[in-house]
Amino acid sequence: MKKAVYLKILLPLVSLVFIISIGVSILAGVLGAVSGSQSNCTTEVATSTSTDSSVSSGDGSIDSFVKEHKEAYILSWKAGGFLPSASITQTMIENGFNFSNPNGTSFWQAHNMGGVKTSNKSNFPVTLATYGDDSVDLSGSKPGASVGDGTGGAYTWFKSYDAGIVGKAEFMAHQTLYAKAINNTDGKSVLEAIADGGWATDGTYKTKLINMYNTLGKKYEWLDKEAISAHGEKPYKETAASPGDSDSDSSDTSTNSKNKDCSDSSSGSATDGTGTVPADASAWGYKPDDLPDSLKQYIIDPSKNGLTYKGPAGWVEHSGQCVDLTVSLGNQLWGGSGTVYGNGDRQASSWASTRFGNSTKTNPKRGAIFSTNAAANHTGIVCHVFEDGSILIVEQNTPLSGINKYGVIDTWNYRVVRPATQKSDGFHYAYPDGKEPNIK
Amino acid sequence: MFKWIKENIIMVLVVVLLLVFAGFGIFSKYKESTHKSSRTEQVPEKTKNKDSASAKEETADEKNYRTAKLKLEHPYTESGEEQKQQVLKAFDEAINDIKKAGHLSKVKGTVENHLSMSQAGMVSTFAMALLVNEYDYQSSKLEVMPSENEDVVQFLIVLTKPGEDNCYFVGNFNTTVNQIQLKAYVGGNIGGTFG
């Protein structure tokens with residue numbers, strides 16, 4: 001009986017399952033091979049994407065910023081009698097609440113809520129007491145502290161946005177020019193007082209402030225009410241004699257006399273093959289002033305290596321061509337003088353044969369001379385090689401530098417070049433064997 | 001053997017049917033791919049592309065559009081018409097200001113041209129596309145979507161140029177202060193080197 005069951009039911013059933021699985025496997029294998037061969041025929045699409053990351057709406061939201069720093073705005077009313085809605089309005093006019101602009105603005109890097117120049121640390125008692133002794137820096141040497149508008153001095157650097165919000169109110173309260181703006185509960189009147197006090201040289205400044213108050217400031221009158229409710233209508237009490245209007249204390253302040261030297265701070269020192277392309281490096285390329293802070297650690301700064309932006313010091317040809325940047329900076333990095341003959345596409349091979357005594361290479365390296373193929377006909381210097389093979393280059397004669405489209409000789413720009421572009425444009429490189437570039 | 005088959009006739013039938021179906025499937029696939037490759041060999045390059053399209057393969061432009069769109073927080077939700085008009089107006093004024101400046105070195109993001117919230121490098125890239133690469137902004141193709149923040153909507157704009165891939169810019173738009181924040185671009189032949 002058992003044998004019959006085994007032979008007639010169990011064995012056929014097991015066999016059936018076995019055969020079905022074999023059949024399905026064969027079918028899947030064949031279909032997989034067919035579809036696999038189809039995908040091989042699919043055209044490979046090289047997408048030109050400025051960044052892989054998604055777009056966060058928080059980067060463009062003033063409302064979320066204000067709510068996040070609400071307590072600091074309320075404290076600023078107590079610390080300096082500066083009405084929050086007016087403070088928010090002025091920040092918008094001064095620096096556009098630009099959360100994504102890393103190009104040295106005082107807002108992004110110095111947490112400076114707009115135009116707070118260096119003065120005296122005694123102007124910031126509440127800020128220092130609340131956020132620490134290191135929350136205010138008046139040296140003018142911190143990121144974003146450089147003033148690029150030609151008015152002299154330097155911006156105050158704050159450790160955080162909270163410190164910047166309270167610090168601005170305290171700064172305002174310590175300036176006799178803006179007395180009418182302090183302990184004033186009318187937003188428009190506050191802004192008029194600031195403009196009348198001479199905060200900005202722009203003749204339309206007052207109009208801009210009032211228009212922006214109507215657009216933005218009014219939205220935060222609820223914050224004014226909360227601040228007044230918490231600290232009263234006249235919260236700021238003037239203490240000892242004010243040290244004066246932006247007078248620098250030599251013990252705290254060092255005047256930055258080279259505010260606008262177009263220097264990119266200094267060359268970075270990152271090792272090749274390290275780091276990823278920063279998410280905020282989403283533009284096609286960058287003029288020196290626009291370079292994101294995130295890229296600065298990777299650059300070779302020509303201004304630190306003997307070349308002056310807009311010349312003439314250090315430049316070989318003054319032609320505004322790509323070759324001029326390569327030979328001028330290349331001489332500084334690798335030694336030598338004068339030009340190296342050849343168009344952009346021939347520079348790497350000329351450097352390899354006449355200067356380095358070797359041949360061009362396919363692998364990039366920091367300091368390497370690069371050339372593209374004849375079609376692209378371009379040259380420049382490699383600043384850094386990222387983990388994924390992308391390179392940061394410094395170059396001349398693009399829409400952002402040089403003679404042809406930018407119209408200014410002895411200039412340069414930076415650009416991230418992805419591996420796909422290196423391949424399509426035929427990038428190749430020249431550098432000596434067993435020698436490192438002399439990068440400052 | 002015959003006796004065993006007779007005793008297990010149901011199972012045998014199932015197995016036979018399975019093998020027949022599998023064979024038919026393999027034969028069909030083989031025939032289809034053979035037919036396709038022979039057609040491809042005979043037709044010129046342009047027809048090849050048509051075949052690809054008919055097989056619903058994604059074009060480079062479609063891929064770029066999808067890549068750009070998927071960077072946004074709510075890519076498949078439309079914002080209100082009022083917000084769309086706000087963005088439309090801001091872009092019209094921003095582009096007019098860029099064209100008025102005429103040269104890349106003179107273009108700067110300001111409150112007045114609605115670009116004060118954009119990174120300077122992205123303002124340059126956008127201006128480069130319009131002034132140097134001569135792309136045209138297509139206002140009719142503007143897409144505006146809601147975002148995770150009340151005072152922000154997100155946008156996708158299309159720049160076109162005959163003979164070149166479209167270029168898609170995406171970013172934030174602050175509806176309180178009417179400011180454009182360009183965040184990224186996908187596709188297009190932007191930039192250039194000049195020897």
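It should be emphasised that the depicted structure is a prediction, and the values quoted were computed from it without experimental measurement.

(A) Up close: the environment of Gly115 of chain A. Residues and elements named next belong to chain A. Along the chain, Gly115 turns up in the loop between α5 (106-110) and α6 (125-131). On the accessibility criterion, Gly115 (19% relative accessible area) is buried. Put simply, Gly115 and Ala154 are 39 residues apart on the chain and 9.4 Å apart in space, counted from C-alpha to C-alpha. If near-sequence neighbours (up to four positions away) are discounted, Gly115 is found in contact with Glu94, Tyr155 and Trp199.

(B) A look at the side chain of Ser87 of chain A. Within the secondary structure, Ser87 of chain A sits in helix α4 (residues 84-95). For Ser87 of chain A, the contacting residues outside a window of four places in its chain are Tyr73 and Phe82 of chain A.

(C) Main features of the confidence of the model for chain A. All names here are of chain A. When the pLDDT values of chain A are averaged, the result is 84; 79% of them are 70 or greater. Counting interchain partners and residues more than four positions distant, the pLDDT-below-50 stretch residues 28-46 has 7 contacts. Here residues 240-264 is modelled with pLDDT under 50, and outside its nearest four sequence neighbours on either side it reaches 53 contacts, counting other chains as well.

(D) Quick look at helix α9 (residues 205-215) of chain A. Residues and elements named next belong to chain A. Within α9 the residues assigned to the buried category are Tyr205, Leu209, Ile210, Met212 and Tyr213. Relative to the axis of α9, the buried residues are bounded by an arc of 165° and lie together on one face. The inward-facing, buried residues of α9 abut α4, α8 (187-196) and α10 (221-231).

(E) Just empty space enclosed by the protein, in detail. All names here are of chain A. This structure, assessed with the given rule, holds 1 cavity of 30 Å³ or more. Lining the largest cavity are Ala281, Ala283, Trp284, Gly285, Tyr286, Leu295, Leu392, Tyr414, Arg415 and Val416. The element contributing the most residues to the lining of the largest cavity is strand β6 (residues 413-417), with 3 residues. Taken together, the residues of the lining of the largest cavity break down into 8 nonpolar, 1 polar and 1 charged.

(F) Structural detail: the environment of Ser122 of chain A. Its location among the elements puts Ser122 of chain A in the loop between α5 and α6. By relative accessible area, which is 42% here, Ser122 of chain A ends up partly exposed.

(G) Seen up close, a nonpolar patch on the surface. Residues and elements named next belong to chain B. A cluster of nonpolar side chains, Ile9, Ile10 and Leu13, forms an exposed patch at the surface whose accessible area comes to about 310 Å². Its location among the elements puts Ile9 in helix α2 (residues 9-42). The class for Ile9 is partly exposed, based on a relative accessible area of 42%.

(H) Geometry of the pairing of strand β4 (residues 167-174) of chain B. Residue and element names in this part refer to chain B. Across the 8 residues of β4, 8 count as buried, placing the element largely inside the fold. Bridge count for strand β3 (residues 152-160) against β4 is 8 bridges, and the pairing is antiparallel. Across the sheet, Leu156 pairs through a bridge with Val170, a residue of β4. Taken together, β3 and the strand that follows it, β4, pair antiparallel across an intervening segment of 6 residues, in which Gly163 is found at a positive phi of about 80°.

(I) Representation of the sheet that holds strand β7 (residues 428-430) of chain A in the model. All names here are of chain A. The 5 strands lie next to each other as β6-β5-β4-β3-β7, forming an open sheet whose pairing is antiparallel. Strands with a single pairing partner mark the edges of an open sheet, and in this sheet they are β6 and β7. Averaged over all pairs of adjacent strands, the angle between their axes in this sheet comes to 40°, without regard to strand direction. Two elements, strand β3 (residues 369-371) and β7, share 3 bridges in a ladder whose sense is antiparallel. Its bridge partner being in β7, Phe370 is matched across the sheet by Tyr429. Strand contacts of helix α12 (residues 322-334): β3, β4 (379-385) and β5 (391-395), with the helix running at about 50° to β4, the strand carrying the most contacts. Sheet strands in contact with helix α13 (residues 344-356) are β3, β4 and β7, and its direction is about 140° off that of β3.

(J) Inspection of helix α7 (residues 161-173) of chain A at higher detail. Residues and elements named next belong to chain A. With 13 residues, α7 extends 18 Å between its outermost C-alpha atoms, agreeing within 8% with the 18 Å of an ideal straight helix rising 1.5 Å per residue. Most of α7 sits out of view: 12 of its 13 residues are buried. Along α7, the residues that are buried comprise Tyr161, Ala163, Gly164, Ile165, Val166, Gly167, Lys168, Ala169, Glu170, Phe171, Met172 and Ala173.

(K) The arrangement of the confidence of the model for chain B in detail. Here chain B averages 84 in pLDDT, while 79% of its residues score no lower than 70. This complex was scored by the predictor with a pTM of 0.77 and an ipTM of 0.77.

(L) Up close: the state of the cysteines. Inspection of every chain in the model, using the stated rule, returns 0 disulfides over all chains. For the unlinked cysteine Cys383 of chain A, the closest cysteine sulfur is that of Cys322 of chain A, found at 15 Å.

(M) Molecular detail of the nonpolar core. Residues Phe91, Phe126, Leu159 and Phe169 of chain B are the most contacted members of the largest nonpolar core, which totals 81 residues. Looking at this core element by element, the count peaks at 8 residues for helix α6 (residues 120-132) of chain B. With residues up to four places along the chain from it excluded, the contact list for Phe169 of chain B reads Met122, Thr125, Phe126, Ala129, Phe155, Leu156, Ile157, Leu159, Leu182, Ala184 and Tyr185 of chain B. By size, the runner-up hydrophobic cluster in this structure holds 57 residues, among which are Trp77, Val136, Val166 and Tyr178 of chain A.

Reading guide: rules and limits
Residues numbered from 1 in each chain as written. Chains lettered and ligands numbered in written order. Predicted model: local features only at pLDDT ≥ 70, side-chain atom pairs only at ≥ 80, totals over all residues. Heavy atoms only, no water. Helix = DSSP H or I, 4+ residues; strand = E, 2+ residues; numbered from the N terminus. Buried < 20%, exposed > 50% of the residue type's maximum accessible area, 1.4 Å probe, protein only. Contact = heavy atoms within 4.5 Å. pLDDT = per-residue confidence, 0-100. Arc of directions from axis to C-beta. 1 Å grid on protein atoms, 1.4 Å probe; cavity = no way out; pocket = protein on both sides within 12 Å on 5 of 7 lines; lining within 4 Å. Points joined across faces, edges and corners; volume = space filled by probe spheres on them. Nonpolar A, V, L, I, M, F, W, Y, C, P; charged D, E, K, R; others polar. Patch = residues over 30% accessible without salt bridge, like charges linked within 9 Å, V, L, I, M, F, W, Y side chains within 5 Å. Areas by Shrake-Rupley, 256 points an atom, 1.4 Å probe, with all protein chains shown as cover. Salt bridge = Lys/Arg side-chain N within 4 Å of Asp/Glu carboxyl O. Pairing = 2+ DSSP bridges. Axes fitted to C-alpha atoms, helices over the stretch in contact; angles between N-to-C directions. Expected span 1.5 Å × (residues − 1). Disulfide = S-S within 2.5 Å. Core = buried A, V, L, I, M, F, W, Y, C linked by side-chain atoms within 4.5 Å.

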